[in-house]
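Structure assessment
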Amino acid sequence: MPETAVDDLGRLAPERPELAAWLVAHDLEPTDPPTAAGFLLVTGQRARYHALDPDHALLRAAFTGGGPARQGGLLAGVAAAGLDPAVVAGGGLGSGPLWELPAADAAAAVARFGAWRPAAAAAAALFDRLAAADPAALAATVAALPEPYDIPLLESPIDVAFSPDGERLAFDGGDGRRDRLVDVDADTGRVLSRYRRDYRGYTLTARTGFFPSSPRMLVHYGDAVVGIDRLGLSRYERGQHVALHSGAQFCGVVRLGAGFVALRIDGLLIFGDPRRVTSRSVAAQTAFGGAPGRWIAASPDGEHIAAASQKTLVVLDGRRRRLLARPAGGSGYGGVALAEPGYLVALADGRLIRWRIDGDRLEAVAETAAPHSENLDVVDGTGLLVARESGPRYYDATSLEPVAPAAIEDASIQVYPRHAAGRFAFVTRRAEEPRYGLRVLPSRADHLARRPLRELTPADAGRLDAAAREAPSGRRELYELLRDCARLRFATEVALGDGPVAADDDIEIGGGA
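Residues numbered from 1 in each chain as written. Predicted model: local features only at pLDDT ≥ 70, side-chain atom pairs only at ≥ 80, totals over all residues. Heavy atoms only, no water.

The number of helices and strands found in the chain is 14 helices and 28 strands. Residues classed as buried in the chain amount to 53% of the 513 residues present. Of all intrachain contacts in the chain linking residues separated by at least 6 positions in sequence, the fraction that spans at least 24 positions is 49%. Here the chain displays about 21,300 Å² of accessible surface, and carbon together with sulfur accounts for 50% of that area. (Helix = DSSP H or I, 4+ residues; strand = E, 2+ residues; numbered from the N terminus. Buried < 20%, exposed > 50% of the residue type's maximum accessible area, 1.4 Å probe, protein only. Contact = heavy atoms within 4.5 Å. Areas by Shrake-Rupley, 256 points an atom, 1.4 Å probe, with all protein chains shown as cover.)

Have a look at this one:
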C-alpha cells in the first residue's frame, strides 16, 4: 500500500479503533512523524512511542492538526498510557496547541480534558473560558456564518455601496447593461431588486471621462438607495425609481448623517435624505469660479463637508456655512477625504497633505509624496485612505504612511473597496470569462471565527466586543468567546514575552481564507 495512503489511514486511527487494529494486523504503520506518534500511542505501543517522541512534541502536533473526534481518540490514548494531559495541552499560553485551533474546535478539545487544568494560572483561565462554551452550539453558529464569495460580472460597475449594517449591497451594471442597478443580500449574493437606470449622454470609460472623477456614485440606506444617473439624482426603493433632483449632472454623492450631500458639476451642493431634496448651497459654486466640481466628502460625524474642483478646495461646517476656500498650486487637487472628525486629507500637486481644521484655517500636520496617485477616497470606518496608481494604493489616514492590508491588497481591483459593519466588497478584473467579479468578504469577527486563535490581535478585543453588542444570540456567544480569548492572550503574553504582540492600533483587516 502506498505510504501516503497509510498516512491517511493512520490519521484516522485515533478516532477509528477498528481501523487502528486493521493497520496493526497488516503490519502497516504511518511514516509521517506526528501521525506515527499518535498511531503508536493509541495502539498501545508505548515503548516505541516514547522512543519516537520523548518530549511529546509530535503528539502535540498531531493533536493540533486533528478535529474533535481525532483529539478525543488521542486524549483517550493519553489517559490509557497514564500520561498527564499536559503533554498535548503543554506550551506557554501563546504557543500551546489550543491557540492553533479555531474557537469552536478549541472548546471541543478542552471538553475532552474534563476537570483537568494546566498548572499555569493564565493557561488554566483559558481552559476555564473555553470549557464554559457549548462546542456543539459554537460549531453550528460557525457553520451558518457567511463566507467569502464572488458575483461574476460581464463588465465593471462604476460604484458599489453597502447598507450601514452591511446586510445589503448595491452595484450598478455588471450584467452587460449599464442601465441597471442591482441590490443583493450581502451574505449570499441573492438578488433582492433590479432597477432600470439611464446613463445615456455620459462618458462611461473605466479610468477616464466623467464618472471616475469622483468614486462615490451610490449611497445605500438599507431600505432605499440614492444614486446618480442621467436624470440627475434618484431614489431606488421597492422596485421604484423616483427622481429627487433632475436636469443637472452630478459628480458625486456621499452620506451625511442620515441623509446625503451631492456635488453637481457646476459646483452647486444639494442636500437631502432618501425621501427628498431639502436644501442647496452655492458656497462651493462661487468659490470654483466656473470650474467644474470634481470631488465631495463628508466627515463621519457630519461636522464638515469638503468639495473640490481641480484648482479650489472648499470646506463647510455642519451647518453648511463655508469656512474656507483654498486654491491649489501646481497640478492641482486629485481628491479629498474626511476620514476622521476635525481632519481633512487632500491629494494636492503630487502630495498627500493632512490638515487639522481650525475654524476658518487649515493647519498642516502631516505630508507625504504621492506623485503618481489620483482620485483620493476613504475606505469608510477603517482608518484607511485609497488612491489609484497602477492599482489601488492604501495609506494610513493619520500618519499617511503607505500600508498593505492583505484582504484588499489586490492590483486587479477596479472599483475602490467599500466597507461597512466590518466587511468589504470590491470589484476585481479576472483572467477568465466573465472578466469581472464582485468579491464580498465576511466581517473581521466572522473571519476570526474560522481562523486559529493565535491570529487574534489586541485591537480585535474591541472589535469583537462591539460586534457582540450588535449580534443576535448564537453569534453573540461566539464573539464574546473570541473577545475573551483575545483579552486572555494579550493580558498575559506581554508579561511572559511569549509570542508576537501587535500594536494597539494595528491594521488587521479580515476576509478570505
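The four strands lie next to each other as β6-β7-β8-β9, forming an open sheet whose pairing is antiparallel. What marks the edges here is a single partner per strand, and that holds for β6 (218–220) and β9 (240–246). Neighbour-to-neighbour, the strand axes of this sheet turn through a mean angle of 25°, independent of strand direction. (Pairing = 2+ DSSP bridges. Axes fitted to C-alpha atoms, helices over the stretch in contact; angles between N-to-C directions.)

Turning our eyes to something else, we now look at helix α8 (residues 103–111). Because the α-helix completes a turn every 3.6 residues, residues three or four places apart line up on one side. Among the nine residues in α8, seven count as buried, and that is most of the element. Within α8 the residues assigned to the buried category are A103, A104, A106, A107, A108, A109 and V110.

A few words on unusual backbone geometry. Cis rather than trans, the peptide bond between E433 and P434 has omega equal to -15°. Assignment of secondary structure puts P434 in the loop between β27 (423–429) and β28 (436–440). The backbone phi angle of R238 is positive, close to 50°, even though this residue is not glycine. Mapping R238 onto the fold places it in the loop between β8 (232–237) and β9. Here R238 falls in the exposed class, since its relative accessible area comes to 74%.

Enumeration according to the criterion identifies five aromatic pairs in this entry. Consider the rings of F63 and F113, whose centres lie 6.1 Å apart with planes at 70°: the pair is edge-to-face. Residue F63 is located in helix α5 (residues 57–64), and its partner F113 is located in the loop between α8 and α9 (121–131); the two are separated by 50 residues in the primary sequence. Aromatic side chains W116 and F127 sit 5.7 Å apart centroid to centroid with 75° between the ring planes, which places their arrangement in the edge-to-face category. Highlighted residues: W116 in the loop between α8 and α9 and F127 in helix α9, separated in sequence by 11 residues. Across the pair, exposure class does not vary: W116 and F127 are buried alike. (Phe/Tyr/Trp six-rings, centres within 6.5 Å; stacked < 30°, edge-to-face > 60°.)

What follows covers the confidence of the model for the chain. Within the chain, residue pLDDT values average 86, and 89% of them lie at 70 or more. For the stretch residues 200–214, pLDDT sits under 50, and the model shows 38 contacts to residues farther than four places along the chain or on other chains. (pLDDT = per-residue confidence, 0-100.)

With that settled, consider the packing of helix α6 (residues 68–80) against α8. Geometrically, a packed helix pair is captured by the angle between its two axes and the distance between the axes. Look at α6 against α8: their axes get within 9 Å of each other, and the N-to-C directions meet at 25°. As the angle between them shows, α6 and α8 are arranged roughly parallel. Classified by chirality, the crossing of α8 by α6 is right-handed. Two secondary-structure elements touch here, α6 through P68, Q71 and L75 and α8 through D105, A108 and A109. The class makeup of the residues in the contact of α6 with α8 is four nonpolar, one polar and one charged. (Parallel < 35°, antiparallel > 145°, perpendicular 65-115°, else oblique. Left-handed = near helix turned anticlockwise from the far one by under 90°. Nonpolar A, V, L, I, M, F, W, Y, C, P; charged D, E, K, R; others polar.)

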